[in-house]
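# Observations on chain architecture
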Amino acid sequence: MAETLAIKADFERFDEWTEAFRPGNLELVHWDDLKAGQPLDYALVWYPEPGALHRHPGLKIIFSVGAGLDHLVGENILPPGIPVVRMVETALTLGMAEYVVYHVLRHHRFMPQYEQFQRDRAWEEILQIPANQRTVGILGMGVLGTACAQALMPFGFSIIGWSRTEKRLEGVEHYHGADQLDRMISRCDYLVCLLPYTRATRHILRREHLRHLPEGAVLINVGRGGLQVEDDLIEMLDSGHLGAAVLDVFEKEPLPPDNPLWSHPRVTITPHVASMTLPETSARHVLANIERCRAGLPLTHVADMARGY
Ligand code: NDP
Ligand code: OXD
């Protein structure tokens, strides 16, 4: 009998998910069609309700639809003892690299200023700064941070990274641990945040750390909204210490219409779309792990839920 995979994800694309999982010899079930107590082998989920994953005996793996796992944190969300596998897939990785390169280059080439000049019909030049005189810092040198660093390298920027543990990546100067954070931040003309949201990283983008940025630096937060303190960002943007902010994620999503960030002249807002999980490529990642499970091999990209990522 075929094993069962239930999906609680982007239901508008359920047909696409079904097609993508065809090679897996699985019975695919839409989460809303599950019967009470129906046994399940695998679940692919985004924001499951408390208790929902406990109601189905037999679960072998819980797959997160996203790279981030904060949607799985909370009372009674995860049944104990079942491995959680993070989403690591090519479309998600490439999409993030595109977004970050685009916004770094947009600011590096003064496009917000030139767009204003155009609106003003002003023929004005700003002296271009060579990329090798600018530093891009990446907080979180995991799968996505590393891909962004590699995508930025050909332009010649100096790239520095920060993570929890020590790392080596050719072309990147590395910092790690809380003690080295402010030193790393003090060098960044562009600061990209690709940290997961955990107890240790909550509100890490606050004045206490961001005040170390060089005057006029640009912040790009694509990690999670809970990493930033919005009031601190607004104050630092108003004072000019922060030259601009590109924010894809917010503590409250959707961002409420009365949030002052919407109309701040130096803020670019996107609605948590820096990158997206695509059924075709993510099904390959899920199926590869299901094959490993069937073969009794260790799974890849298993989350450490005690650490939070
Ligand atoms: P990874 O788990 O591969 O990488 C996380 C990185 O953060 C690691 O380098 C890790 O350090 C570092 N880190 C974690 N905690 C700390 C800490 N306390 N201090 C210093 N460094 C820390 O995750 P991904 O790269 O796959 O994804 C990163 C995040 O991006 C996701 O958690 C999600 O929130 C966000 N995301 C946002 C999307 C969007 O559309 N806006 C899309 C996809 C993801 P170490 O390597 O030493 O463990
Ligand atoms: C993710 C996201 O975590 O899309 O993958 O935010």
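Now for a description of the structure that goes with this document. This is a predicted model, so every value here is computed, not measured.

### Description of the overall build of the protein
If you tally the helices and strands in the protein, you get eight helices and twelve strands. The globule rule puts the C-alpha radius of gyration for 309 residues at 19 Å, and the 21 Å found for the protein is close to it. With respect to the three principal axes, the spread of C-alpha positions in the protein is 70 × 40 × 35 Å. A burial count over the protein gives 52% of its 309 residues as buried.

### As for the site of ligand 1
Taken together, 28 residues lie around ligand 1, and L144, T165, K167, D248 and Y309 are the ones closest in. At 3.1 Å, a backbone N or O of G142 approaches an oxygen atom of ligand 1. Between ligand 1 and G223, the relevant distance is 3.2 Å, taken from an oxygen atom to a main-chain nitrogen or oxygen of the residue. In the complex, the protein chains occlude 92% of the 940 Å² of accessible area that ligand 1 would expose alone.

### Some thoughts on the sheet that holds strand β6 (residues 135–139)
In space, the seven strands of this open sheet follow the order β8-β7-β6-β9-β10-β11-β12, with parallel pairing throughout. On the outer flanks of this sheet lie β8 (172–176) and β12 (267–269), each paired with one strand and no other. Adjacent strand axes in the sheet meet at a mean angle of 15°, parallel and antiparallel pairs treated alike. Sheet topology note: the β6/strand β7 (residues 158–163) ladder contains five bridges and is parallel. Within the sheet, the bridge partner assigned to T135 lies in β7 and is S158. With respect to the sheet, helix α2 (residues 90–108) is in contact with β6, β9 (190–193), β10 (217–221), β11 (242–247) and β12, its orientation differing from that of β9 by roughly 160°. Sheet contacts for helix α4 (residues 143–152): β6, β7 and β8; angle to β6, the most-contacted strand, approximately 165°.

### What about the packing of α2 against α4?
In contact at an axis separation of 9 Å, α2 and α4 are set at 50° when each is read in the N-to-C sense. The angle between the axes of α2 and α4 places the two elements in the oblique class. Seen from above, α2 lies across α4 with right-handed handedness. Contact with α2, carried on its side by L92, T93, M96, A97, V100, V101 and V104, involves V143, L144, A147, C148, A151 and L152 of α4 and no other residues of that element. Considered class by class, the residues forming the contact of α2 with α4 number twelve nonpolar, one polar and no charged.

### Here's the deal with the site of ligand 2
In the neighbourhood of ligand 2, the contacting residues comprise G66, A67, G68, L92, R224, H272 and S275. The contact in question runs from an oxygen atom of ligand 2 to an N or O atom on the backbone of A67, over 2.7 Å. In this structure, R224 approaches ligand 2 through a side-chain N or O atom, which is 2.7 Å from an oxygen atom. Burial of ligand 2 by the protein amounts to 85% of the accessible area it has alone, namely 210 Å². In the shell around ligand 2, the residues fall into two nonpolar, four polar and one charged.

What counts, and at which threshold
Counting starts from 1 at the beginning of each chain's written sequence and moves along it residue by residue. A letter from A marks each chain and a number from 1 marks each ligand, given out in the order of writing. Note on the predicted model: pLDDT of at least 70 is required for a residue's local features to be given, and 80 or more for side-chain atom pairs to be given and counted; whole-chain, interface and lining totals, by contrast, use all residues. Hydrogens and water are ignored here; the side-chain numbers use all heavy atoms of the structure. Starting at the N terminus, helices and strands are each numbered in turn, a helix being any DSSP run of H or I of at least four residues and a strand any DSSP run of E of at least two. Note that the radius of gyration is over C-alpha atoms, with the globule rule given as 2.2 Å times the number of residues to the power 0.38. Only protein chains enter the accessibility calculation, which uses a 1.4 Å probe; a residue is then buried when its area is under 20% of its type maximum, exposed when over 50%, and partly exposed in between. To be near a molecule or strand, a residue needs just one of its heavy atoms within 4 Å of it. Whenever two N or O atoms come within 3.5 Å, that pair is a polar contact, provided that in protein one can donate a hydrogen and the other can accept it, and provided that, for residues adjacent in sequence, both atoms are side-chain atoms. Calculation of accessible area relied on Shrake-Rupley with a 1.4 Å probe; when residues are assessed, cover is drawn exclusively from the protein chains displayed. Strand pairing requires that DSSP identify at least two bridges connecting the strands. Lines fitted to the C-alpha atoms define the axes, with helices restricted to the stretch that makes contact. Angles between their N-to-C directions range from 0 to 180 degrees. Every residue pair with non-hydrogen atoms within 4.5 Å of one another is taken to be in contact. Angular relationships are summarised with four words: roughly parallel below 35 degrees, roughly antiparallel beyond 145, roughly perpendicular across 65 to 115, and oblique for the angles in between. Take the far helix as your reference; a near helix turned counterclockwise from it by less than a right angle gives a left-handed crossing, and one turned clockwise gives a right-handed crossing. Here the term charged refers only to Asp, Glu, Lys and Arg, the term nonpolar to Ala, Val, Leu, Ile, Met, Phe, Trp, Tyr, Cys and Pro, and the term polar to all other amino acids, Gly among them.

It is worth stressing that arrangement in space is one thing and function is another; only the former is reported here.
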